[in-house]
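# Structural features, examined
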Amino acid sequence: MREFSVRSEILEFDPYTPGLTIEQIQQQYGLDTVIKLASNENPLGVSPVVQKTVANNADRAFRYPENHSPRLVKEISKHVGVPAESILVGNGSDEIIDMLFRMKARPGKSNVVCYENCFSMYRMCAKLAGVEYREVARGENFELPLDKMAEAADENTAMVIVTSPDNPTGVAAGVEDLSVLAGVLPEDCLLVVDEAYIDFVWPPESYTPVQAYDKFDNLVVLRTFSKAYGLAGLRVGYGILPPKLASLMKNARIPFTVNLLAEDAAVAALNDEVFYNETLQLVMRGREYFMEELPKLGCKVWPSQANFLMFQPPKPAQTVFKALLKKGVIVRPLASFGLGKLIRVNVGTDHENKEFIKRLGEVLGA
Ligand SMILES: *Cc1c(COP(=O)(O)O)cnc(C)c1O
């Protein structure tokens, strides 16, 4: 076989490490039921209203969708209170992240500033785009190092990226701190705030800068329908960007990446307040339950503003992870985040949460 040459950036590329699937674990361990608490998905599944919408629109799937998802943009604009021309809908917020790296940063010239042990998509996109990836150390208790990020930025920094609430720590940045950071960044540098888990913070006005959107001219906010809205499999997310930047990115993007049923589903999900509120209540209740129960099992646990928690078990994380798999519970060991002693678990249904704590107790011999 011939070996073809490729761009040097993709030789020995570290691929994204997704959570294991229920089917993989059912097959491997011969289990009937498996509880997945590994990918921060919605424990309530897909809202019945959304399911009906998708079914009712299945017969339209032979048509191309409308480019740039204008119906969804209009709904987001209404719900979030930002102008439609600032909104860019993507195939998951991952697509918007990828577009930002390819369209804002310049290969071989720009750098991007993140902090250590963060969401791996940023590093992947930087590498593929030929952009220098600068990683700043976190605080001792995983505080987000916003001051150090500002110091690390220079005239070639295209973006500073903050995940808030953070994955995998659950730590959220306060809106004042984000405002200060936005104000001190170099002239050509964007502050990108990845708000994949913003729905789970309380109170929202203390955390999201979107509510004062007019005050910023260098702010990008990323949001997704994959977590609180329960649509991870349909792939819809969006960015809120300075309007000129949004317009240029629309011109250069690949058309139709957001499919027709995903747009219908996201519009329906935004309007389904009942399901959304049930999700938030369940997550907040589960978070408290985990905060109470995990220390009883000898685990160190960090308070979280997201739909998951990070904890350190009293036994090696990889051993605990494997033992839980055998008992039919999938959690997320954080070695791929560079945190080999820690595990992330997302809130499930009340029943799943109880089962997780029970089986973890068995594993830890508590
Ligand atoms: C889940 C997640 C996303 C969202 O990904 P989608 O592509 O919208 O599914 C983005 N950022 C972080 C930090 C996440 O954890």
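So, here is what we can say about the structure in this document. (Residues numbered from 1 in each chain as written. Predicted model: local features only at pLDDT ≥ 70, side-chain atom pairs only at ≥ 80, totals over all residues. Heavy atoms only, no water.)

A word on the overall build of the protein chain. Counting its secondary structure elements, the protein chain contains 12 helices and 13 strands. Relative to the 2.2 N^0.38 estimate, which gives 21 Å for 366 residues, the radius of gyration of the protein chain is 21 Å and therefore close to what a compact globule would have. If one aligns the C-alpha atoms of the protein chain with their principal axes, the spans along those axes are about 60 × 55 × 50 Å. In the protein chain, which comprises 366 residues, the share counted as buried stands at 54%. A separation threshold of at least 6 residues defines the contact pool for the protein chain, and within that pool the share at least 24 residues apart is 73%. Surface summary for the protein chain: the accessible area is close to 17,200 Å², and the carbon and sulfur share equals 52%. Looking at the protein chain, you have 39 positive and 46 negative side-chain charges, and the mean spots of the two groups are 5 Å apart. (Helix = DSSP H or I, 4+ residues; strand = E, 2+ residues; numbered from the N terminus. Rg over C-alpha atoms; globule rule 2.2 N^0.38 Å. Buried < 20%, exposed > 50% of the residue type's maximum accessible area, 1.4 Å probe, protein only. Contact = heavy atoms within 4.5 Å. Areas by Shrake-Rupley, 256 points an atom, 1.4 Å probe, with all protein chains shown as cover. Lys, Arg positive; Asp, Glu negative; His and termini not counted. Charge placed at Lys NZ, Arg CZ, Asp CG, Glu CD.)

Right, let's talk about the packing of aromatic side chains for a bit. Ring pairs (aromatic) are described by centroid distance and by the angle formed between their planes. Summed over all chains, the structure comprises 11 aromatic pairs. With 4.9 Å between their ring centres and 85 degrees between their planes, Tyr197 and Phe308 make a pair best called edge-to-face. Of this pair, Tyr197 sits in the loop between β6 (190-194) and β7 (219-224) while Phe308 is found in strand β10 (residues 308-312), placing the two residues 111 residues apart along the sequence. According to the relative accessible area criterion, Tyr197 is buried, its value standing at 2%. (Phe/Tyr/Trp six-rings, centres within 6.5 Å; stacked < 30°, edge-to-face > 60°.)

Cis geometry marks the peptide bond from Asn167 to Pro168, where omega comes out at 20 degrees. Along the chain, Pro168 turns up in the loop between β5 (157-163) and α7 (175-184). Omega for the bond connecting Trp202 with Pro203 falls within 30 degrees of zero, at -10 degrees, which places this linkage in the cis form. Among the secondary structure elements, Pro203 is positioned in the loop between β6 and β7. With a phi angle near 60 degrees, Asn40 is a residue other than glycine that sits in the positive phi range.

Within the secondary structure, Lys36 is located in strand β1 (residues 35-36). Here Lys36 falls in the buried class, since its relative accessible area comes to 18%. Engagement of the side chain of Lys36 in a polar contact is seen with the side chain of Ser39, the distance being 3.3 Å. Here Glu41 takes part through its side chain, which lies 3.0 Å from a polar atom of the side chain of Lys36. Apart from the residues within four sequence positions on either side, Lys36 is in contact with Leu20, Ile22, Glu41, Ile330 and Asn346. (Polar contact = N/O pair within 3.5 Å; in protein donor to acceptor, adjacent residues only side chain to side chain.)

Further remarks concern the site of the ligand. In the vicinity of the ligand, 14 residues are found, and the nearest of them are Asp194, Tyr197, Thr224, Ser226 and Lys227. Contacts to the ligand include Ser93, whose backbone N or O atom sits 2.7 Å from an oxygen atom. At 2.6 Å from an oxygen atom of the ligand is found a side-chain nitrogen or oxygen belonging to Ser226. Out of a free accessible area of 390 Å², the ligand has 94% covered by protein chains. Here the shell around the ligand is built from residues that sort into 4 nonpolar, 6 polar and 4 charged. (Near = heavy atom within 4 Å. Nonpolar A, V, L, I, M, F, W, Y, C, P; charged D, E, K, R; others polar.)

The subject of this paragraph is the packing of helix α11 (residues 317-326) against helix α12 (residues 350-364). At a minimum axis separation of 10 Å, α11 and α12 run at an interaxial angle of 120 degrees. As judged from the angle between their axes, α11 and α12 are oblique. Viewed along their axes, α11 and α12 form a crossing whose handedness is right-handed. The residues of α12 that touch α11, namely those facing Val320, Ala323 and Leu324, are Phe356, Arg359, Leu360, Val363 and Leu364. Taken together, the residues of the contact of α11 with α12 sort by class into 7 nonpolar, no polar and 1 charged. (Axes fitted to C-alpha atoms, helices over the stretch in contact; angles between N-to-C directions. Parallel < 35°, antiparallel > 145°, perpendicular 65-115°, else oblique. Left-handed = near helix turned anticlockwise from the far one by under 90°.)

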